[in-house]
Amino acid sequence: MGNALLQSIHVHPVKAFRGLAPREAEVEPWGLAGDRRWMLIDDGGKVVTQRQQPRLATAAAELLPGGGVRLSAPGRQPLAVPVPRPVDTVPVEIFRDKVEAVPAQDEAAHAWCSALLGTRVRLVHMDDPATRRPVDPEYALPGETVSFADGYPLLLTTAASLDALNSLIARGEHAHEGPLPMNRFRPNVVVAGTEAWAEDDWSRIAIGEVSFRVAKPCGRCVVTTTDQETTGRGREPLHSLGRHRRIGGKLVFGQNLVPLGRGTIRVGDPVRVLG
């Protein structure tokens, strides 16, 4: 583990859109700065992700100064969306959590996203991640909160574990689907220089100057079967994870992290296991 380092950083300004790959990022208590502070909801207020709409993989969001986003997608005019004033919030449902969020003020933002998907959706912003959404209390410490990420502030994966998973896929009945790229798993941080599955045994780590608590393994869903370039779906990696990485009833790849402090992480930072 002595040579482990941070290989890449990934920030997803709008949940389910393509991610950015900055060379450095600020770590806030609820996740990387700018990560998943925006998301789409349907008419019932429920989150819309690639689970229902794989076409979201074709859309990108660039962070603007102040926390706004610039939306883009093939064949569509880009649209800049500023952070809305938190005057009126609406109740939204993100999996089992009910949260207050602030709708984008410009109707053009909702229309842009609706036209992309061919169904009515709204774009909403999390104005105060320090108070809006607690981490799952079964795995949280008091006061821990999270953005619109699936459940935890950061998701960590390792390059060695992806190599090992791709080896399993290559030996299986759906070998033609591999090897899979890391973007199938939509991590925030990717670590190189470890043994395969070493992350299973971590409870605390440091990336550069910032320490993290390893909360729990990440159970994977149908999004991992979605080709992030073509939006087509296959059987992998869920087929191979189901045969080789079923832990506690979940198909596991990666670990969920909660920051233990603030700071900046940078590509190339050393990664140390603290416990």
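Residues numbered from 1 in each chain as written. Predicted model: local features only at pLDDT ≥ 70, side-chain atom pairs only at ≥ 80, totals over all residues. Heavy atoms only, no water.

Draft legend 1. Expanded view of the sheet that holds strand E9 (residues 90-94). With respect to topology, five strands assemble into an open sheet ordered E5-E4-E11-E10-E9, the strand pairing being antiparallel. Each edge of the open sheet is held by one strand with a lone partner, namely strand E5 (47-48) and E9. As defined by bridge partners, strand E10 (residues 97-103) adjoins strand E11 (residues 122-125) across two bridges and the pair is classed as antiparallel. Note on E11: the bridge partner recorded for Pro 103 is Val 124. In the packing of helix H1 (residues 107-117) onto the sheet, contacts are made with strand E4 (38-41), E5, E10 and E11, and the angle to E11 comes to roughly 125°. (Pairing = 2+ DSSP bridges. Helix = DSSP H or I, 4+ residues; strand = E, 2+ residues; numbered from the N terminus. Contact = heavy atoms within 4.5 Å. Axes fitted to C-alpha atoms, helices over the stretch in contact; angles between N-to-C directions.)

Draft legend 2. Inspection of the sheet that holds strand E18 (residues 263-266) at higher detail. If you trace the three strands from one edge of the open sheet to the other, you get E3-E2-E18, paired in antiparallel fashion. With one partner strand each, in any of the chains shown, strand E3 (31-32) and E18 form the two edges of the open sheet. In this sheet, E18 lies alongside strand E2 (residues 24-28) in antiparallel orientation, the contact comprising four bridges. Paired with Glu 24 across the strands is Arg 266, a residue of E18.

Draft legend 3. Geometry of the side chain of Lys 216. When you line up the elements, Lys 216 lands in strand E15 (residues 210-219). Salt bridges are absent for the buried Lys 216, whose nearest opposite-charge side chain, Asp 136, sits at 6.8 Å. (Buried < 20%, exposed > 50% of the residue type's maximum accessible area, 1.4 Å probe, protein only. Lys, Arg positive; Asp, Glu negative; His and termini not counted. Salt bridge = Lys/Arg side-chain N within 4 Å of Asp/Glu carboxyl O.)

Draft legend 4. Region of the structure containing the pairing of E11. Sheet topology places E4 next to E11; four bridges connect them, and they run antiparallel. Residue pairing in the sheet places Leu 40 in a bridge with Leu 123 of E11.

Draft legend 5. How the structure looks around the nonpolar core. Residues Phe 17, Leu 40, Leu 71, Val 81 and Leu 123 are the most contacted members of the largest nonpolar core, which totals 22 residues. Secondary structure elements with two or more residues in this core: E4, strand E7 (69-73), strand E8 (76-81) and H1. At five residues, H1 tops the list of elements feeding residues into this core. Each residue touching Leu 71, except ones within four places of it in the same chain, is listed here: Val 14, Phe 17, Ala 60, Ala 61, Pro 78, Leu 79, Val 81, Trp 112, Cys 113 and Leu 123. Counting 21 residues, the second largest nonpolar core, distinct from the first, contains Ile 9, Val 11, Leu 257 and Ile 265. (Core = buried A, V, L, I, M, F, W, Y, C linked by side-chain atoms within 4.5 Å.)

Remember that the coordinates give geometry; whether it matters functionally is a separate question.
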